[in-house]
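Fold and geometry: a report
Here is what each chain is made of, one letter per residue.
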Amino acid sequence: MVVADYSPETINIEQESDIVTARQVGRNMSKLFGFGTITQSRIATSISELARNIYLYAGTGTITISPIEREGVIGLKITATDSGPGIPDIRQALDDGYSTSGALGAGLPGVRRMMDEFEIHSTLGEGTRVIVVKWSDQVKEE
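Computed from a predicted model, the values in this text were never measured in an experiment.

What counts, and at which threshold
Residues numbered from 1 in each chain as written. Predicted model: local features only at pLDDT ≥ 70, side-chain atom pairs only at ≥ 80, totals over all residues. Heavy atoms only, no water. Helix = DSSP H or I, 4+ residues; strand = E, 2+ residues; numbered from the N terminus. Polar contact = N/O pair within 3.5 Å; in protein donor to acceptor, adjacent residues only side chain to side chain. Contact = heavy atoms within 4.5 Å. Phe/Tyr/Trp six-rings, centres within 6.5 Å; stacked < 30°, edge-to-face > 60°. Buried < 20%, exposed > 50% of the residue type's maximum accessible area, 1.4 Å probe, protein only. Axes fitted to C-alpha atoms, helices over the stretch in contact; angles between N-to-C directions. Parallel < 35°, antiparallel > 145°, perpendicular 65-115°, else oblique. Left-handed = near helix turned anticlockwise from the far one by under 90°. Nonpolar A, V, L, I, M, F, W, Y, C, P; charged D, E, K, R; others polar. pLDDT = per-residue confidence, 0-100. Pairing = 2+ DSSP bridges.

**Let's talk about the side chain of Lys 134**
- Relative to the helices and strands, Lys 134 resides in strand 5 (residues 127–139).
- Within the local environment of Lys 134, its side chain forms a polar contact with the side chain of Asp 116, the two groups lying 3.3 Å apart.
- When sequence neighbours within four positions are dropped, the list of residues in contact with Lys 134 reads Phe 35, Thr 39, Ile 43, Ile 74, Gly 75, Leu 76, Met 114, Met 115 and Asp 116.

Here it is in structure tokens:
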């Protein structure tokens, strides 16, 4: 399987049902690329958390799921982008238990723990972009 043969998939997050769609696309793509079932669940859960944050805090945005490869290892890169209000205190938002919505506050800290790479950029009044990567345990066959 050649990662370059596969295009990224972008899901617009505009209504609650789009969260489920994004999660399903991520699970299907992770299965296609041979991720184990536990890792598939982690990817799907992370996508769900990121999409829910877009829906709850920004109203609309996108989730883009891209197959990537580095040194023969296949990964999935998930980019969550919105043009919402931004996050006033990223450090606080990454603390376990912190929530402005009254939820459990497991969102961003949980995503950071489940994924191998985590990057967040947020500007007040302009929006937020979260980029996460999960690498497969399997090396690509040449």
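Picking up where we left off.
**A closer look at the packing of aromatic side chains**
- This model, assessed by the stated rule, comprises one aromatic pair.
- Arranged with centres 5.0 Å apart and planes meeting at 75 degrees, the rings of Tyr 6 and Phe 33 form a pair that is edge-to-face. Of the two residues, Tyr 6 is situated in the segment before strand 1 (9–13) and Phe 33 in the loop between helix 1 (16–32) and helix 2 (37–58); the sequence distance between them amounts to 27 residues.
- For Tyr 6, a relative accessible area of 34% translates into the label partly exposed.
- Residue classification places Phe 33 among the buried residues on the basis of a relative accessible area of 5%.

**A word on the packing of helix 2 against helix 4 (residues 107–114)**
- Running from amino to carboxyl end, helix 2 crosses helix 4 at an angle of 150 degrees, the nearest separation of the two axes being 9 Å. The angle between the axes of helix 2 and helix 4 places the two elements in the roughly antiparallel class. You can see that helix 2 and helix 4 cross each other, and the crossing is left-handed. Residues Arg 42, Thr 45, Ser 46, Glu 49, Leu 50 and Asn 53 of helix 2 pack against Gly 107, Leu 108, Val 111 and Met 114 of helix 4.
- Broken down by class, the residue content of the contact of helix 2 with helix 4 amounts to four nonpolar, four polar and two charged.

**A closer look at the confidence of the model for the chain**
- Per-residue pLDDT for the chain has a mean of 89; in total, 88% of the residues score no lower than 70.
- No element of the chain has a lower mean pLDDT than helix 3 (residues 90–93), which averages 85, and none a higher one than strand 1, which averages 98.

**Notes on the side chain of Ser 136**
- Relative to the helices and strands, Ser 136 resides in strand 5.
- Every residue in contact with Ser 136, bar those within four places of it in the chain, is listed here: Phe 35, Val 73, Ile 74 and Gly 75.

**Quick word on the pairing of strand 2 (residues 61–70)**
- Strand direction decides the pairing type here: strand 1 and strand 2, joined by five bridges, are antiparallel. Looking at strand 2, one finds that Ile 11 is bridged to Ile 63.
- Of the strand pairs in this sheet, strand 2 and strand 3 (residues 73–82) are connected by 10 bridges, and their pairing is antiparallel. Within the sheet, the bridge partner assigned to Pro 67 lies in strand 3 and is Leu 76.
- The turn joining strand 2 and strand 3, which pair antiparallel and follow one another in sequence, is formed by two residues; a positive phi near 55 degrees is taken by Glu 71.

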